[in-house]
Amino acid sequence: PRRSPPALAIPRPAARAVLAVCAKFTTAAISNKTPVAAVRPLHAAALALQPTPAHFTPVHADFMRVCLLSKCYAAAQPLLEQELLQVDKEATHVTPRDLLLYHYYAGMVQVGMKRFKSAVEYFTLCYSAPTAVLNAIMVEAYKKGLLCALIETGEPMRTPKYTAACVLRHAKSLTPYVEYAEAFGKRSVAGLRAALEKHTAAFERDHNLGLAKQCAGALIKRNIHRLTTTYLTLSLDAIAESAELPGPADAERYVSGMVASGEICALIDASAGMVRFTERREKYDTAEAAAALERCIDDAVALSRKLFGMNAQ
């Protein structure tokens, strides 16, 4: 992997001028339809403006935006891997809008990487931010987060209890998304496609049609996965019928893809047209599994200490 550009400390009095230059540079790159030209410079600027690697800066949002527009999703990962926990307005001139845009764009970058679980987390951080008034960024984050949650978990996302009341009230009025989530919950692929056709215009207007279409494939996989908890052996014809697929060839394609991605464990007998579902081979009794568990425990302890320190502060 490429190394991150070296961070050059920028004196605090000059930070505001650097932010103004970065904002104009971003606007110019996007206007000229060359957002990729701004990826590395904005990455370097974001690192240079950070008092510590845990600080948010206004450049973070612009950087995520150009990564998204240029489809350089991998370039955004070094900043996404930083534990950004510090919001210091005096040191970095960061504003609430910067934070909302950062989490919104970061969620969209994760969608581009097909990391829907992480995308839901970023969108949730965006729409659940403290507020007394409705914000358009938060609304769009809620819409995308709902669709990503359907793809990842098969259920609407759980809104944190501290989500602002104005956001929750508005979420109930998003009829296309509410009805689409209800159709997904009924586990009928035909019903979901009917709901998609009904609300295609709304999804297209919100630039969410692609995500909505992916929900149909996710529902088919959910229905196939549900069969593994009931049957040991099943024919491809039966799988196709249960998952509402056109035929056994489509069922074989879906099962093969799910086996390749590790979603299920199964053996396909193409000549007999049968599928045998098997147990996972991983027993978590190896040295590698123990080492992975130890790393997770260390990470949890470190996070607990950080939270304790922030709470005390």
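Right above here is the structure, for reference.
Procedures and definitions
- Residues numbered from 1 in each chain as written.
- Predicted model: local features only at pLDDT ≥ 70, side-chain atom pairs only at ≥ 80, totals over all residues.
- Heavy atoms only, no water.
- Phe/Tyr/Trp six-rings, centres within 6.5 Å; stacked < 30°, edge-to-face > 60°.
- Helix = DSSP H or I, 4+ residues; strand = E, 2+ residues; numbered from the N terminus.
- Buried < 20%, exposed > 50% of the residue type's maximum accessible area, 1.4 Å probe, protein only.
- Pairing = 2+ DSSP bridges.
- Axes fitted to C-alpha atoms, helices over the stretch in contact; angles between N-to-C directions.
- Contact = heavy atoms within 4.5 Å.
- Arc of directions from axis to C-beta.
- Parallel < 35°, antiparallel > 145°, perpendicular 65-115°, else oblique.
- Left-handed = near helix turned anticlockwise from the far one by under 90°.
- Nonpolar A, V, L, I, M, F, W, Y, C, P; charged D, E, K, R; others polar.
- Salt bridge = Lys/Arg side-chain N within 4 Å of Asp/Glu carboxyl O.

A. A look at the packing of aromatic side chains. Counting across every chain of the model gives 7 aromatic pairs. An angle of 80° between the planes, with centres 5.5 Å apart, marks the rings of Phe56 and Tyr102 as edge-to-face. Residue Phe56 is found in the loop between helix H2 (39-49) and helix H3 (58-69), and its partner Tyr102 is found in helix H6 (residues 96-112); the two are separated by 46 residues along the sequence. Taking relative accessible area as the criterion, Phe56 reaches 6% and is therefore assigned buried. By relative accessible area, which is 2% here, Tyr102 ends up buried. Relative to Tyr142, the ring of Tyr127 lies with its centre 5.2 Å away and its plane at 80°, an arrangement referred to as edge-to-face. In this pair, Tyr127 sits in helix H7 (residues 116-127) while Tyr142 sits in helix H8 (residues 136-153), placing the two residues 15 residues apart along the sequence. With relative accessibility at 0%, the residue Tyr127 sits in the buried group. By relative accessible area, which is 15% here, Tyr142 ends up buried. Ring pairs connect the aromatic residues Phe56, Tyr102 and Tyr122, which therefore count as one cluster.

B. Representation of the sheet that holds strand S2 (residues 266-269) in the model. Read from one edge to the other, the open sheet built from 3 strands follows the order S1-S3-S2, with strand pairing classed as antiparallel. In this open sheet, the two edge strands, each paired with only one partner strand, are strand S1 (233-235) and S2. Going across the sheet, the axis of each strand differs from the next one's by a mean of 20°, ignoring polarity. Sheet topology places S2 next to strand S3 (residues 274-277); 4 bridges connect them, and they run antiparallel. Within S3, the position partnered with Leu267 by the bridge is Arg276. Set on the sheet, helix H15 (residues 248-260) makes contact with S2 and S3; between it and S2 the angle comes to about 145°.

C. Just helix H9 (residues 165-172), in detail. Of the residues making up H9, those classed as buried are Cys166, Val167 and Ala171. One side of H9 holds all its buried residues, which, seen down the axis, span an arc of 135°. Projecting away from the buried face of H9 at angles above 90 degrees are the exposed residues Arg169 and Lys172.

D. Inspection of the environment of Leu234 at higher detail. One can find Leu234 in strand S1. Its relative accessible area of 11% is what places Leu234 among the buried residues. For the pair formed by Leu234 and Arg276, sequence separation is 42 residues and the distance between their alpha carbons is 6.6 Å. Apart from residues lying up to four places away in sequence, Leu234 is in contact with Leu227, Ile239, Met274, Val275 and Phe277.

E. View of the packing of helix H4 (residues 73-80) against H6. The geometry of H4 relative to H6 is characterised by a closest axis approach of 10 Å and an angle of 130° between their N-to-C directions. As summarised for this structure, H4 and H6 are arranged oblique, according to the angle between their axes. For H4 against H6, the interelement crossing comes out left-handed. Residue-level contacts link Tyr73, Ala76, Gln77, Leu79 and Leu80 of H4 to Tyr102, Ala106, Val109, Gln110 and Gly112 of H6. Its residues assigned to classes, the contact of H4 with H6 shows 7 nonpolar, 3 polar and no charged.

F. Here's a closer look at helix H10 (residues 175-185). Buried within H10 we find Pro176, Tyr177, Tyr180, Ala181, Ala183 and Phe184. Projected down its long axis, H10 shows its buried positions confined to an angular sector of 160°, all on one face. The inward-facing, buried residues of H10 abut H8, helix H11 (189-198), helix H12 (200-205) and helix H13 (209-228). One or two residues past the end of H10 sits Arg187, with phi positive at roughly 65°.

G. Representation of the pattern of salt bridges in the model. Evaluation of the coordinates by the stated rule reveals 6 salt bridges. Between Lys143 and Asp206 there is a salt bridge, and its shortest N-O distance comes to 3.2 Å. Note that Lys143 is positioned in helix H8 and Asp206 in the loop between H12 and H13, a separation of 63 residues in sequence. Asp206 sits in the buried class, given a relative accessible area of 11%. Put simply, Glu263 and Lys221 hold a salt bridge, and the shortest N to O gap is 3.7 Å. Residue Glu263 is located in the loop between H15 and S2, and its partner Lys221 is located in helix H13; the two are separated by 42 residues in the primary sequence. Given the relative accessible area of 31%, Lys221 is considered partly exposed. What emerges from the salt-bridge pattern is a single network uniting Glu140, Lys143 and Asp206.

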